[in-house]
Amino acid sequence: MKKVITVLLVAFIMIQFFPIDKINPEINPQMDFVNTKKPSITVAKILKTSCYDCHSNETKYPWYADIAPASWFLKNHIDEGRIKLNFSTWATYEPKRQAHKLEESIEMLEKDEMPLESYLLGHPEAKLTPETKKLLIEYFRQVKQDTEEANIF
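So, a few notes on the structure that sits alongside this text. Remember, predicted model here, so these are calculated numbers, not experimental data. (Residues numbered from 1 in each chain as written. Predicted model: local features only at pLDDT ≥ 70, side-chain atom pairs only at ≥ 80, totals over all residues. Heavy atoms only, no water.)

Notes on a nonpolar patch on the surface
Selection rule: A patch consists of residues exposed above 30% relative accessible area that lack any salt bridge, with like charges linked at up to 9 Å and nonpolar side chains (Val, Leu, Ile, Met, Phe, Trp, Tyr) linked at up to 5 Å. Computed with the Shrake-Rupley method and a 1.4 Å probe, the accessible areas treat only the protein chains shown as cover for residues. By definition, a salt bridge exists where a carboxyl oxygen of Asp or Glu is found within 4 Å of a side-chain nitrogen of Lys or Arg. Each helix is a run of DSSP H or I of at least 4 residues and each strand a run of E of at least 2, with the numbering of both proceeding from the N terminus. Burial classes follow relative accessibility: with a 1.4 Å probe on protein chains only, a residue under 20% of its type's maximum area counts as buried, one over 50% as exposed, and anything between as partly exposed.
The grouping of Leu9, Phe12, Ile13, Phe17, Phe18, Trp63, Ile67 and Trp72 at the surface amounts to a nonpolar patch, some 910 Å² of accessible area in total. The greatest single-element share of the nonpolar patch, amounting to 3 residues, is contributed by helix H1 (residues 2–15). Locating Phe17 in the fold gives a position in the loop between H1 and helix H2 (33–37). For Phe17, a relative accessible area of 64% translates into the label exposed.

So, the packing of helix H5 (residues 95–110) against helix H7 (residues 130–150)
Helix-helix packing is characterised by the crossing angle of the two axes and by the distance between the axes. Here is the rule: In this analysis, axes come from line fits to C-alpha atoms, helices being fitted only over the stretch in contact, and the angle between any two N-to-C directions falls in the range 0 to 180 degrees. Angles are sorted into four bins: roughly parallel if under 35 degrees, roughly antiparallel if over 145, roughly perpendicular if 65 to 115, and oblique for all others. A crossing counts as left-handed when the near helix is turned anticlockwise from the far one by less than a right angle, and as right-handed when that turn is clockwise. Should any heavy atoms of two residues lie within 4.5 Å, those residues are counted as being in contact. Amino acid classes used here: Ala, Val, Leu, Ile, Met, Phe, Trp, Tyr, Cys and Pro are nonpolar; Asp, Glu, Lys and Arg are charged; the rest, including Gly, are polar.
Remark: H5 packs on H7, axes separated minimally by 9 Å, with the N-to-C direction vectors making an angle of 160 degrees. Considering the angle they form, H5 stands roughly antiparallel to H7. Helix-helix and strand crossings are classified by hand; for H5 and H7 the assignment is left-handed. Note on element contacts: H7 touches H5 through Lys133, Leu136, Ile137, Phe140, Arg141, Val143, Lys144, Thr147 and Glu148, opposite Pro95, Gln98, Ala99, Leu102, Glu103, Ser105, Ile106, Leu109 and Glu110. The residue inventory of the contact of H5 with H7, partitioned by class, reads 9 nonpolar, 3 polar and 6 charged.

Focus on the layout of surface pockets
Inclusion rule: A cavity here means a set of 1 Å grid points, computed over protein atoms only, where a 1.4 Å probe fits but cannot escape. A pocket is an open set with protein on both sides within 12 Å along at least 5 of 7 lines, and lining residues have an atom within 4 Å of a point. Grid points are joined across faces, edges and corners, and a volume is the space filled by probe spheres set on the points.
Computed from the structure, the largest pocket encloses a volume of approximately 650 Å³. Cys54, His55, Gly81, Met114 and Leu116 are the residues nearest the centre of the largest pocket, which is lined by 28 residues in total. With 7 residues, the top contributor of residues to the lining of the largest pocket is helix H4 (residues 70–84). For the lining of the largest pocket, a count of residues per class yields 17 nonpolar, 6 polar and 5 charged.

Here is the structure:
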């Protein structure tokens, strides 16, 4: 048993030498969702608190981002989140893609799939109340409608 614990401890120490890259990609404010869509202060705050850590280039890495293997799990979630939806690059999306991303966001919110439960464990302030969720869904629906009306597909 001592050997197993020793091996696990050595392995844990060794993996600490493989940190994640915590450098956020450069931010262009002219491409950002909040800057281009100008939501209310309330909606902007909800987005920044509940969405932007994983779905923008403005990730604020928590203390456990320095501890492998938790850091690897975290980095994987952030990378996947940015691929699926990146609010920092919103203006680079074609209007049809924007409408689709908004529809997906509405669906994820309605199904209580976002924010992820694993994220909420370390960020309880990001939990959406029924009221804040409703507000966000209504806002996304309006932006989607405005996008579709301005760009008849």
